[in-house]
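# Architecture and fold: a report
Each chain is listed here by its residues.
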Amino acid sequence: MTRDALITALADLIAPPSIRRVAVDGPDAARKTTLADQLAERVDSRRAVIRAGVDGFHRPSAVRRRRGSLSPEGCYHDTFDYAAVRHAVLDPLGPTGDRRYRTAVFDHSTDQPVDEPPRTAPDDALLIFDGVFLLRPELRQHWDIAIFVDIAEDETLRRALVRDAAAMGGPARRWTSRARRQRTGRN
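Residues numbered from 1 in each chain as written. Predicted model: local features only at pLDDT ≥ 70, side-chain atom pairs only at ≥ 80, totals over all residues. Heavy atoms only, no water.

Once that is clear, we can look at the packing of aromatic side chains. Per the stated rule, a full pass over the model turns up 4 aromatic pairs. Plain terms: the ring middles of Y76 and F133 are 4.8 Å apart, the flat faces sit at 80 degrees to each other, and that makes the pair edge-to-face. On the criterion of sequence distance, the pair formed by Y76 in helix 4 (residues 72–78) and F133 in the loop between strand 7 (126–131) and helix 6 (137–140) is long-range, its members being 57 residues apart. The exposure class assigned to Y76 is buried, which follows from its relative accessible area of 7%. Judged by its relative accessible area of 5%, F133 falls in the buried class. Ring centres of F129 and W143 lie 5.8 Å apart, and the angle between their planes is 40 degrees; this geometry places the pair in the tilted category. Highlighted residues: F129 in strand 7 and W143 in the loop between helix 6 and strand 8 (145–148), separated in sequence by 14 residues. When sorted by exposure, F129 lands in the same class as W143, which is buried. One aromatic cluster is present, built from ring pairs that chain together F57, F129 and W143. (Phe/Tyr/Trp six-rings, centres within 6.5 Å; stacked < 30°, edge-to-face > 60°. Helix = DSSP H or I, 4+ residues; strand = E, 2+ residues; numbered from the N terminus. Buried < 20%, exposed > 50% of the residue type's maximum accessible area, 1.4 Å probe, protein only.)

This is the structure:
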């Protein structure tokens, strides 16, 4: 199956109005955001699409790094505020939600909260949300459909080093630790 055919098949799967919240999960550098953007573009002609991702829900750096910057446990437990994901996006856009949502609460690049006013989603809006660890137990029940992007660990490392070498200094051990935790941390 070609990538285009796969995108079309996935878009057909998530387009019905009964689907409200879609997770696109997978390890770092798996191109989850790219896939989510392509799906949103394909579905957008059929219904309203809200695009968001876990990157808008980081915790402050002091919290993210309290177990050490290379800690796999810290990466899993401390990096993102999943309660805020539920409160700001998943609950409001769920079957009994009020449709008033926010796509971000924290900007990790400035290490500051985001003061984004809530928006009101159309009744038929589809949320496509990308990020790591979205299938963790406390979020699993909130997704109508979850797509997991699987990728070989060596390809994750190669892509991450190319994508993030300048910003992260390119330490292979950081990415190796994270990739290993992401593979064993999803239950």
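Don't stop here, the text continues.
This paragraph deals with the nonpolar core. Ranked by internal contacts, the top residues of the largest apolar core, which has 28 residues, are F57, Y82, L127, F129, L134 and W143. If you list the elements that add at least two residues to this core, you get strand 2 (49–53), helix 4, helix 5 (82–90) and strand 7. A total of 6 residues in this core trace back to one element, the largest contributor, which is helix 5. Among residues more than four places away in sequence, those in contact with L134 are A23, V24, D25, V54, Y82, F129, L139, R140 and W143. Of all hydrophobic cores here, the second largest spans 20 residues; its members include V22, I128, I145 and I151. (Core = buried A, V, L, I, M, F, W, Y, C linked by side-chain atoms within 4.5 Å. Contact = heavy atoms within 4.5 Å.)

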